[in-house]
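This is what each chain is made of:
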Amino acid sequence: MQFILHDNAGDLQIILKDEAYHHLFHSRRTRKLESIHLRNGRDLNLYLYIITEIGKKEAKLTLQRTQATPLKNPPKGHLIWAMIEPKNIEKTLPMFNELNLDKITFFYAQYSQKHFKLDFKRLDKILKNSCEQCGRIMKLKLEILPNLNEVLRNYPNLAILDFEGKPLNSLLEIPLMVGCEGGFSQEERKILQDKPSFSLPNCNILRSETAALYATSKLI
């Protein structure tokens, strides 16, 4: 763990409880008067706290020092991803965060199961845990749009990853769209026919999440 993400990091005193408390004082056996690093996920400061009190279910921390830490590797790239089964998104999400992707926009494609719903509170927890492990300061941004038309209204300058496109051999500076299982419907292909289309060179048939990870590697 590189640091602990806490919404109130930066306050003179904060209370640590729940999962963070359990990890520090049950798993790592952290003791009173030891120092720990915290971030709040909103600014670039690293906050050093000293543990002043340890109770049965919570601990009190007091701020010792604030250190400005410039962002050396700003997140980059925008992935637009058709909705797939949420459990597969949850498994893959830490990888996108570690790869320093800036943003994912989910949307419901024609082949998406409409009953799939994302639990953004759960996804936020997954991303916070990932940041604490990999050291990313600002977590991956997420949004969801209802359909392809809304995607195009918000992001008209995009490219798609499809079987019939030209090989994607270079980096892209525009958002890249990946379909769900089964790819894009013929109707969607007609709507997207004027958008740049790319394929994955020398690859087998990929699952949607594998294609999305490959796409992320080509975004700047």
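Residues numbered from 1 in each chain as written. Predicted model: local features only at pLDDT ≥ 70, side-chain atom pairs only at ≥ 80, totals over all residues. Heavy atoms only, no water.

1. Here we look at the packing of helix H2 (residues 86-98) against helix H3 (residues 120-134)
Applied cut-off: For every element, the axis is a line fit to its C-alpha atoms; helices are fit only across the contacting stretch, and the angle between N-to-C directions ranges from 0 to 180 degrees. Secondary structure elements follow DSSP: runs of H or I of four or more residues count as helices, runs of E of two or more count as strands, with numbering from the N terminus. Note that the term roughly parallel is reserved for angles under 35 degrees, roughly antiparallel for angles over 145, roughly perpendicular for angles of 65 to 115, and oblique for everything else. Crossing handedness follows the turn of the near helix against the far one: under a right angle anticlockwise gives a left-handed crossing, and clockwise gives a right-handed one. Contacts were defined at the residue level, with two residues in contact if any of their heavy atoms lie within 4.5 Å. Residue polarity follows a fixed list, in which Ala, Val, Leu, Ile, Met, Phe, Trp, Tyr, Cys and Pro are nonpolar, Asp, Glu, Lys and Arg are charged, and the others, Gly among them, are polar.
Interaxial distance between H2 and H3 falls to 9 Å at its minimum, and their mutual angle equals 40°. Between H2 and H3, the angle falls in the class oblique. In this structure, the crossing between H2 and H3 has a hand that is right-handed. For the pair H2 and H3, the contacting residues are Glu90, Leu93, Pro94, Asn97 and Glu98 in the first and Arg122, Leu123, Ile126, Leu127, Ser130, Cys131 and Cys134 in the second. Residue classes in the contact of H2 with H3 are distributed as 7 nonpolar, 2 polar and 3 charged.

2. A closer look at the packing of aromatic side chains
Ring pairs (aromatic) are described by centroid distance and by the angle formed between their planes. Worth spelling out the cut-off: Here a Phe, Tyr or Trp ring, Trp counted by its six-membered ring, pairs with any other such ring whose centre lies within 6.5 Å, and the pair is stacked when the planes are under 30 degrees apart, edge-to-face when over 60, and tilted otherwise. Charge-over-ring placement is defined geometrically: NZ (Lys) or CZ (Arg) within 6 Å of the ring centre, and within 35 degrees of the ring normal.
All chains considered together, the criterion is met by 2 aromatic pairs. Across the ring face of Phe3, the terminal group of Arg39 is positioned such that the distance to the ring centre comes to 5.2 Å.

3. So, the sheet that holds strand S6 (residues 76-82)
Spelled out, the test is: In this scheme, strands are said to pair when DSSP sees at least two bridges between them.
The sheet built from 6 strands is open, its strands ordered S8-S7-S6-S10-S9-S11 with parallel pairing. Since the sheet does not close on itself, it has two edges, and those belong to strand S8 (141-145) and strand S11 (197-199), each with one partner. Neighbour-to-neighbour, the strand axes of this sheet turn through a mean angle of 40°, independent of strand direction. On top of the sheet, helix H6 (residues 208-216) reaches S6, strand S7 (101-107), strand S9 (159-167) and strand S10 (176-178); it is set at about 160° to S6, its chief contact.

4. Observations regarding the sheet that holds strand S4 (residues 45-54)
Ordered by their spatial adjacency, 5 strands build an open sheet running S1-S3-S4-S5-S2, and the pairing between neighbours is mixed. The outermost strands of the open sheet, each flanked by one partner alone, are strand S1 (4-5) and strand S2 (13-17). As defined by bridge partners, S1 adjoins strand S3 (residues 35-39) across 2 bridges and the pair is classed as parallel. Along S3, the bridge assignment pairs Ile4 with Leu38.

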